[in-house]
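An overview of the molecular structure
What follows is each chain in one-letter form.
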Amino acid sequence: MTQSSISSTMLSRRTILRGLGTALTLPFLESICPVVRAAGADAPAAKPPVRMGFFYVPNGMHMPDWTPKSEGELKELTPILSHLAKHRSEIMPVSGLELHNGWALGDGGGDHARSVASFLTGAHPNKTDGADIRNGISVDQFAASRLAYLTRFPSLELGLEPSAQSGSCDSGYSCVYSSNVSWRSDTNFVNKEVNPQQLFDRLFGGGSSADQAENRALRHRRKKSVLDFVLNDAQRLKQELGSVDRRKMDEYLHSVRDVERRVATAIKLEGKEIEAPDYARPEGVPAEFNEHAKLMMDMLVLAFQTDSTRIATFMMTNAGSNRPYPQIEVSDGHHDLSHHQNDAEKQKKIAKINVYHIQQFDYLLTKLREVKEGDGTLLDNCMLMYGSGLSDGNRHNHDDLPILLAGRAGGAFNPGRHLRFADKTPLCNLYVNMLEIMGIDADKFSDSSGKLTGLG
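Residues numbered from 1 in each chain as written. Predicted model: local features only at pLDDT ≥ 70, side-chain atom pairs only at ≥ 80, totals over all residues. Heavy atoms only, no water.

1. Regarding the overall build of the protein
To keep it simple, the criterion reads: Under the scheme used here, helices are H or I runs from DSSP no shorter than 4 residues and strands are E runs no shorter than 2 residues, and both carry numbers assigned from the N terminus. Each residue is placed in one exposure class: buried if its accessible area under a 1.4 Å probe, protein chains only, is under 20% of its type's maximum, exposed if it is over 50%, and partly exposed if it falls in between. To be clear on the numbers: accessible area is Shrake-Rupley with a 1.4 Å probe, and residue cover counts the displayed protein chains and nothing else.
Helix and strand content of the protein: 13 helices and 14 strands. Looking at the 456 residues of the protein, the share that counts as buried comes to 57%. Element-wise, carbon and sulfur atoms account for 48% of the exposed surface of the protein, whose accessible area totals about 18100 Å².

Below you can see the structure in the form of structure tokens.
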């Protein structure tokens with residue numbers, strides 16, 4: 001990259017440093033904005049974009065430990081939400097929302113499968129464990145289809161358990177419904193990425209497939225970082241930046257290297273060989289749940305920070321997951337515990353799992369809050385929804401869902417409050433608000449009946 005090309009690149013919101021099989025997108029840099037504005041007298045001041053994310057947790061929630069007792073200001077946090085105490089002013093629990101098409105509606109059992117299939121689509125999935133799957137487009141993919149031209153990746157679909165392609169998982173429902181929250185169309189679901197190495201390569205790979213393969217082989221053989229392939233360009237670009245942006249860029253490059261090192265360490269711990277030029281991507285993921293979650297969330301932060309994508313979904317686990325959590329002294333399966341039949345000991349264990357999941361989300365919010373962007377933080381410019389398509393897993397009910405909003409959505413949200421809407425208010429009403437905030441004109445989405453009021 002020549003000095004003149006660097007100056008040209010400065011006009012781009014998404015400066016990209018390229019090397020052999022590498023594309024390193026840089027974060028929002030203040031030094032870029034004045035140059036953009038200088039291009040025309042009427043050019044508006046640059047403002048960081050809003051990012052939208054959806055985070056699904058399975059098997060419902062221990063609602064007594066979730067729902068705030070009073071509406072309005074979050075003066076007292078519940079036992080589960082207390083683990084987000086340092087983000088009290090950035091979160092907004094929302095009560096009263098319903099996933100109407102998650103109910104059986106004559107189809108019998110299968111509430112876990114429907115809780116995922118309907119969560120972002122608002123649709124009632126066709127009950128089948130065969131090839132005739134049918135659902136609806138999900139709100140993330142609806143937005144991605146309209147904003148795809150803005151970012152390298154229209155959307156990212158992430159999770160900690162693999163997507164299924166077939167099979168029967170819940171009372172006659174295909175495993176496809178239980179393990180995929182994103183749908184491009186009625187019949188086209190989107191597999192999620194669960195492998196940190198593959199996600200890293202996707203985010204920081206560039207050029208042709210052959211270039212990317214050569215880059216990976218060279219990195220593994222010489223124990224190099226992706227940063228080694230763009231270091232010279234990075235150093236030249238830094239000379240064009242102010243002191244604040246130089247520090248921001250150094251912090252970003254350090255974050256990339258830290259994630260890269262941790263990914264490589266996780267692979268080694270899985271017994272994978274990473275030195276051979278023809279190294280095959282590992283099938284395994286980190287054995288530790290929280291390390292797996294942190295790696296995936298760290299890369300999501302980098303993707304948001306660099307505006308590589310503005311839309312993401314994250315499934316903590318698949319619907320009906322029966323994963324035990326011995327790391328928090330819960331050896332029983334999660335799904336089994338959700339059928340607690342009001343047994344106090346089982347409810348305590350469910351609550352512990354709920355806390356463990358929210359702690360992973362707390363990690364993400366903390367990382368987003370640490371990234372300075374514009375006059376605020378990256379979290380200020382995020383609009384994140386965390387929750388489940390079930391309330392009480394024992395009752396299998398889809399009303400009064402555990403829904404939490406986080407971030408300020410670029411100023412559109414006024415968090416730090418608990419909002420309660422009329423019982424059975426469609427969850428999709430919230431999605432109409434979120435689409436509008438993303439700049440998408442949509443008066444209706446799925447079974448919505450309007451928009452929610454009072455979010456701002």
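So, next bit.
2. Description of the sheet that holds strand S4 (residues 72-73)
Stated precisely, the cut-off is as follows: The pairing criterion for strands is at least two bridges between them, as found by DSSP.
The sheet built from eight strands is open, its strands ordered S4-S14-S5-S13-S12-S3-S9-S6 with mixed pairing. Each edge of the sheet is formed by a strand with only one pairing partner; in this case those strands are S4 and strand S6 (156-159). Bridge count between S4 and strand S14 (residues 417-426): two bridges; the pairing is antiparallel. Paired with Gly72 across the strands is His418, a residue of S14.

3. Some details on the pattern of salt bridges
What counts, and what does not: Any carboxyl oxygen of Asp or Glu within 4 Å of a side-chain nitrogen of Lys or Arg constitutes a salt bridge here.
Counting across every chain of the model gives 13 salt bridges. Note that Arg323 is salt-bridged to Glu161, the shortest N-O span being 3.3 Å. Of this pair, Arg323 sits in the loop between strand S9 (311-315) and helix H11 (334-338) while Glu161 sits in the loop between S6 and strand S7 (168-170), and the two are 162 residues apart along the sequence. With relative accessibility at 14%, the residue Glu161 sits in the buried group. The structure contains a network of salt bridges with shared partners spanning Glu90, Asp380 and Arg408.

4. As for the side chain of Thr309
To keep things clear, this is the line we draw: A 3.5 Å cut-off defines polar contacts: any pair of N or O atoms within that distance qualifies, except that in protein one atom must be a possible hydrogen donor and the other a possible acceptor, and neighbouring residues in sequence count only when both atoms are side-chain atoms.
Here Thr309 shows up in the loop between helix H10 (289-305) and S9. Reaching out from Thr309, the side chain makes a polar contact with the backbone oxygen of Phe153 at a distance of 2.8 Å. Here Ile311 takes part through its backbone oxygen, which lies 3.2 Å from a polar atom of the side chain of Thr309.

5. Overview of the pairing of S6
Alternating positions in S6 separate into two faces, Leu156 and Leu158 on one and Glu157 and Gly159 on the other, with burial throughout. Judged from the four bridges that link them, S6 and S9 form a sheet pairing that is parallel. Directly across from Leu158, in S9, lies its bridge partner Phe314.

6. Brief notes about the environment of Asn433
We apply this condition: Contacts: residue pairs with any heavy atoms within 4.5 Å of one another.
With respect to the helices and strands, the residue Asn433 is situated in helix H13 (residues 427-437). Residue classification places Asn433 among the buried residues on the basis of a relative accessible area of 9%. Sequence-wise, Asn433 and Ala412 are 21 residues apart; in three dimensions their C-alpha atoms are separated by 9.6 Å. Those residues in contact with Asn433 that lie beyond four places of it in its chain are Lys451, Leu452 and Leu455. Within polar-contact distance, the side chain of Asn433 engages the backbone nitrogen of Leu452 at 2.8 Å.

7. Considering unusual backbone geometry
At Gln341, a residue that is not glycine, the phi angle is positive and equals roughly 50°. In this fold, Gln341 is placed in the loop between H11 and helix H12 (344-370). Even without a glycine there, the phi angle at Ser446 is positive, about 50°. Relative accessible area serves as the criterion here: at 33%, Ser446 is assigned to the partly exposed category.

8. Thoughts on helix H4 (residues 139-147)
Counting buried positions along H4 yields seven of nine residues, so the element is predominantly enclosed. Turning to H4, its buried residues number three or more, namely Val139, Asp140, Gln141, Phe142, Ala143, Ala144 and Leu147. Buried residues belonging to H4 abut strand S3 (51-56), S6, S9 and H13.

9. Observations concerning the environment of Leu160
Mapped onto the fold, Leu160 is located in the loop between S6 and S7. In this structure, the C-alpha to C-alpha distance between Leu160 and Val194, residues 34 residues apart in sequence, is 5.3 Å. Those residues in contact with Leu160 that lie beyond four places of it in its chain are Val194, Phe289, His292, Ala293, Met296, Phe314, Met315, Met316 and Arg323.

10. Some points on the packing of aromatic side chains
Note the threshold: For this analysis, a ring pair means two rings from Phe, Tyr or Trp (six-membered ring only for Trp) whose centres lie within 6.5 Å, classed as stacked if their planes differ by under 30 degrees, edge-to-face if by over 60, and tilted for the remaining angles.
Counted by the stated rule, this structure contains 14 aromatic pairs. A ring pair is formed by Trp66 and Tyr386, whose centres lie 6.4 Å apart and whose planes are at 15°; its orientation type is stacked. Of the two residues, Trp66 sits in the loop between S3 and S4 while Tyr386 sits in strand S12 (residues 382-387), which places them 320 residues apart along the sequence. In terms of burial, Trp66 and Tyr386 fall into one category: buried. Judged by centre distance (5.6 Å) and plane angle (80°), the ring pair of Phe289 and Tyr325 falls under edge-to-face.

Read these as spatial facts, not as claims about activity.
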